[in-house]
Structure formats: structure tokens, C-alpha cells
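Residue-level structural notes
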Amino acid sequence: MGDTLFISDLHLHHTRPETSAAFFRFIKQQARQAEALYILGDLFEVWLGDDQLDHDPLSQQVCQSIATLAPAGVAVFFMHGNRDFLIGNRFADSAKVTLLQDPTTITVKNKNYLLLHGDTLCTDDVAYQQFRALTRDPAWQQATLAKAYAERVALAQMIRARSDSEKATKAEDIMDVSPDTVAAVLRQHGYIDMIHGHTHRPARHSHFIDGHECIRHVLADWHDEAQFLGLTDMALATCKRPPQ
Ligand code: LP5
Ligand code: MN
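Given the structure is predicted, the values throughout are model-derived calculations rather than measurements. (Residues numbered from 1 in each chain as written. Chains lettered and ligands numbered in written order. Predicted model: local features only at pLDDT ≥ 70, side-chain atom pairs only at ≥ 80, totals over all residues. Heavy atoms only, no water.)

1. Some points on the coordination of the manganese ion (ligand 2)
Ligation of the manganese ion (ligand 2) by protein atoms is provided by D42 (OD), N82 (OD1), H117 (NE2) and H198 (ND1), these donors lying 2.0 to 2.3 Å from the ion. Mapped onto the sequence, the donors of the manganese ion (ligand 2) take the spacing D-x39-N-x34-H-x80-H. Taken as a pair, N82 in the loop between β3 (75-79) and α4 (89-95) and H198 in the loop between β7 (193-196) and β8 (203-209) lie far apart in primary sequence, 116 residues in all. A relative accessible area of 18% places H198 in the buried class. (Donors = N, O, S within 2.8 Å, 3.2 Å for Na, K, Ca; no water. Helix = DSSP H or I, 4+ residues; strand = E, 2+ residues; numbered from the N terminus. Buried < 20%, exposed > 50% of the residue type's maximum accessible area, 1.4 Å probe, protein only.)

Listed below in C-alpha cells is the structure:
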């Protein structure tokens, strides 16, 4: 059995070509050798709808690159992040990926893992949770996707600017996971280990809940020394992204 790999928070964008290059190398090298690849959200800096494939050459290249994996025998799964929650079936079909609900439980090498993007655990960030509820509403999404692409570009810029200015006023711990929510989610899912990204605070946390030890693996973003998690020989290990 090959490895199972987990990545998130690449935030791919044409202004950061070195991160895109690292991603393309990762697909050609490590991912191609894997049995499965799980992309746990925020693959893209922003996703304005699947017609972004017609407007943004990098998005098209990323999609084509991922699409090389399925014919090579690698099962690829995608979970939405808070930047690319508008990814839909056109992208999934083109990239040959299976879309996953957040959260999803998987079993690898006889062990269960709960996969999440991670934003749902940040429940102390009330303004974000309100924004999330609004933008995950199917009626909001339908109305938004009906707008002209250029209008969506402008709206997304406005939301990004507002998000950055609000983040500057938020305490650091508000933007991390809530320990009570982590405990509640682990309780609800039978005390299994979890893997998520979003917070850009890579770590391996040990939680003791109701007498059970649960490990919470937090994935790194890809902005500097990007890393991914690989499940090899029964153990999850952090791997460095491929060198130049
Ligand atoms: O993304 P990051 O890590 O910087 O911050 C997140 C939270 N912010 C977000 C917003 C995203 O950055 C921007 C998403 C753009 C996607 C656009 C696609 C659809 C656009 C189509 C055109 C409409 O997720 C941030 C968290 C932080 O993580 C840590 O967890 O704190 O949350 C916020 O900052 C949210 C603010 O508190 C509230 C945002 C208000 C925006 C108001 C716009 C309302 C109008 C919406 C309808 C058009
Ligand atoms: Mn995120």
C-alpha cells in the first residue's frame, strides 16, 4: 500500500510563482507515488466560481496538473476551505477529484481520522462564523455565481480587504481553534485523531478527552517552508516540500 498524503492552505496565486512551482513539483514527485492525496481546503487564494478556469491561467494549470494523478492510480480528494468554498463540479470533474463534505471520516491502514478544513473549530471568531454561515447558504451562492465575473472579482477584493482589517483587531487566540469545540467534535466522532489546516499553526497536539488521548494534526500553509503530512508505515510524519 502506498502513502496517503494531506495538504492544505497553499493559497495558490499568480503573485507567488514559487509556491505554484513547489506545488507542481509535489504533484510530479511525491503525489504521483502516493495511493491517495487529500487536499483539505484553501488550495487557491480565492475561488470565484468554476468559470475562474476560463479567466485565470494558473487555475487552469493547477487543475490540469491534479488531473494527471487519477490516471496514474492516485485517488484525489478535495475539501473546501474558506477561500475556495465555491469550487464546484466543473472543477472536480476536470481535476478528477472527489469533493468531500467537511468534516469527513476516513480509514487508512485500519485507523480512523476525522478530516476538516479547520475553520469550523474557530467558534470564538463570531464575526467569521456569521460570514461563513452567509456564504455557505446555497441561495447566497446561487445569487453570487449569477453575477458577472468582473463583479465577483471586485466583491472578493472588498471582502479580502475587510477580512484583513478585521483580523488586525482580533486577538490571536480568537483566530485559533476553540478547545471546547475541539473536545465536542472529538466526543461526537468517537475520539479519533483529526487532521486539519486553516490556522497556519502546524503542530501535533495531544488532547485528553473523557480519558481518551486524541491527536490533532495541524497542517502547515505553503508560504515559507511548506510541509505536508504523509501517512507511511502507520505513522503520520511531516515532510518538507520538494526542493528546487
Ligand atoms: O482568509 P484569512 O485566513 O485571511 O481569514 C480567515 C477569515 N476570513 C475569510 C474571508 C476570506 O479571506 C475571503 C474570502 C473571499 C472568498 C470570496 C469568494 C466568493 C466571492 C464571490 C464574490 C462575492 O474567510 C477571517 C478569520 C480568519 O480566517 C481566522 O480564522 O478571522 O474572518 C474574517 O475576517 C471575517 C470577518 O470578521 C468578517 C468578513 C466580513 C466581510 C463582509 C462582506 C459582506 C458582504 C458579503 C456579501 C457580498
Ligand atoms: Mn482557511
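And the narrative resumes.
2. Quick notes on the pattern of salt bridges
Per the counting criterion, the structure on display carries 14 salt bridges. One salt bridge in this structure joins D164 and K167, with 3.9 Å as the shortest N-O distance. Linking D164 with K167, this pair stays in helix α7 (residues 149-167), spanning three residues, or about one helical turn. Note on D164: relative accessible area 37%, which makes it partly exposed. (Salt bridge = Lys/Arg side-chain N within 4 Å of Asp/Glu carboxyl O.)

3. Structural notes on the site of ligand 1
Neighbouring ligand 1 are 23 residues, the closest being R83, D125, R160, E166 and K167. Between S163 and ligand 1, the recorded distance is 2.9 Å, taken from a side-chain N or O atom to a nitrogen atom. Within the contact set of ligand 1, an oxygen atom lies 2.4 Å away from a side-chain nitrogen or oxygen of K167. Coverage of ligand 1 by the protein chains reaches 90% of its 1,000 Å² of free accessible surface. Elements supplying a minimum of two residues to the shell around ligand 1: α5 (126-135), α6 (138-145) and α7. With eight residues, α7 is the single largest residue contributor to the shell around ligand 1. (Near = heavy atom within 4 Å. Polar contact = N/O pair within 3.5 Å; in protein donor to acceptor, adjacent residues only side chain to side chain. Areas by Shrake-Rupley, 256 points an atom, 1.4 Å probe, with all protein chains shown as cover.)

Note that all results are geometric; they support no functional claim without further evidence.
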